[in-house]
Amino acid sequence: MDSFTDPAGKLVMVVDDDKGVRELLEIIVRKEGFRAETAVDGEDALAKIRASRPDIILLDLMLPKFGGFEILRELQQEETAGIPIIIITGRSLDYSTAEMIRREANVREFIEKPIKREVLVSLVHQTLKTRPPRKK
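This text gives an overview of the structure that appears in the document. (Residues numbered from 1 in each chain as written. Predicted model: local features only at pLDDT ≥ 70, side-chain atom pairs only at ≥ 80, totals over all residues. Heavy atoms only, no water.)

## Concerning the sheet that holds strand 4 (residues 85–89)
The following threshold applies: Strands are labelled as partners when DSSP assigns at least two bridges between them. Secondary structure counts use DSSP, requiring at least four H or I residues in a row for a helix and at least two E residues in a row for a strand, with both numbered from the N terminus. Every axis in this analysis is a line fitted to C-alpha atoms, fitted for helices over the stretch in contact. Angles between the N-to-C directions lie between 0 and 180 degrees.
Taken together, the five strands give an open sheet; going across it, the order is 2-1-3-4-5, and neighbouring strands pair in parallel fashion. The outermost strands of the open sheet, each flanked by one partner alone, are strand 2 (35–39) and strand 5 (107–112). Neighbouring strand axes in the sheet, compared pairwise and without regard to direction, differ in orientation by 20° on average. Two strands pair when backbone bridges link them, and strand 3 (residues 56–60) and strand 4 are joined in this way by four bridges, in the parallel orientation. Its bridge partner being in strand 4, Asp-60 is matched across the sheet by Ile-88.

So, in structure tokens, the structure goes:
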């Protein structure tokens, strides 16, 4: 018996204010067999994360109504502190900022836009210990 689980039992929260990016991420996640929910801004994200308790969060840093940094801090104060987060950003970050983000307890990794599908998929499966669906 291996220790991998079925992605269908896992919920991925996609948080990005850019409709195109948000929809693309949702499609990628669903194609990998995960359930997906989306949020358009920080306020929406916090409400949905508290309500649905996703297994992982794909979080854009630049958001209206609470930026990604505020959401990170907020999530660490609550029972949501154990939810792994993959940061997605369009800004190139300097080394010290990148390291500061990586040191946040629930941040697993961060990816710069444009997103490479293979990198994202690999990270999500690895973090959630799921197996990609078999190609037909």
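## Concerning helix 5 (residues 117–128)
Applied cut-off: To estimate how far a helix should reach, multiply one less than its number of residues by 1.5 Å. Only protein chains enter the accessibility calculation, which uses a 1.4 Å probe; a residue whose area is less than 20% of its type maximum is buried, one above 50% is exposed, and one in between is partly exposed.
Between its first and last C-alpha atoms helix 5 spans 17 Å; for 12 residues at 1.5 Å apiece the expected length is 16 Å, and the two agree. Regarding helix 5, the residues found buried are Leu-120, Val-121, Leu-123, Val-124, His-125 and Leu-128. Looking one or two residues beyond helix 5, the residue adopting positive phi is Lys-129, at roughly 55°.

## Quick look at helix 1 (residues 19–31)
Short version of the rule: Regarding the arc, it is the one traced by the directions from the helix axis to the C-beta atoms.
Along its 13 residues, helix 1 runs 18 Å from first to last C-alpha, staying within 8% of the 18 Å computed at 1.5 Å per residue. Taken residue by residue, helix 1 has Val-21, Arg-22, Leu-25, Ile-28 and Val-29 as its buried positions. Buried residues of helix 1, seen end-on, are gathered within an arc of 130° and therefore sit on one face of the element. With respect to the buried face of helix 1, the exposed residues turned more than 90 degrees away are Lys-19 and Lys-31.

## Some details on the pattern of salt bridges
Condition: Salt-bridge detection follows one rule: a side-chain nitrogen of Lys or Arg within 4 Å of a carboxyl oxygen of Asp or Glu.
This model, assessed by the stated rule, comprises 13 salt bridges. Its salt-bridge partner being Glu-43, residue Lys-65 comes within 3.9 Å of it at the nearest N-O pair. On the criterion of sequence distance, the pair formed by Lys-65 in the loop between strand 3 and helix 3 (68–76) and Glu-43 in helix 2 (residues 42–52) is long-range, its members being 22 residues apart. Taking relative accessible area as the criterion, Lys-65 reaches 52% and is therefore assigned exposed.

## Quick word on the pairing of strand 2
To be explicit about the condition: Handedness is read with the strands pointing away from the viewer; a crossover is right-handed when the path from the first strand over the helix to the second is clockwise.
By the bridge criterion, five bridges tie strand 1 (residues 11–15) to strand 2 in an arrangement that is parallel. Its bridge partner lying in strand 2, Leu-11 is registered against Arg-35. You can see the chain leave strand 1, run along helix 1 and come back into strand 2, and the turn it takes is right-handed.

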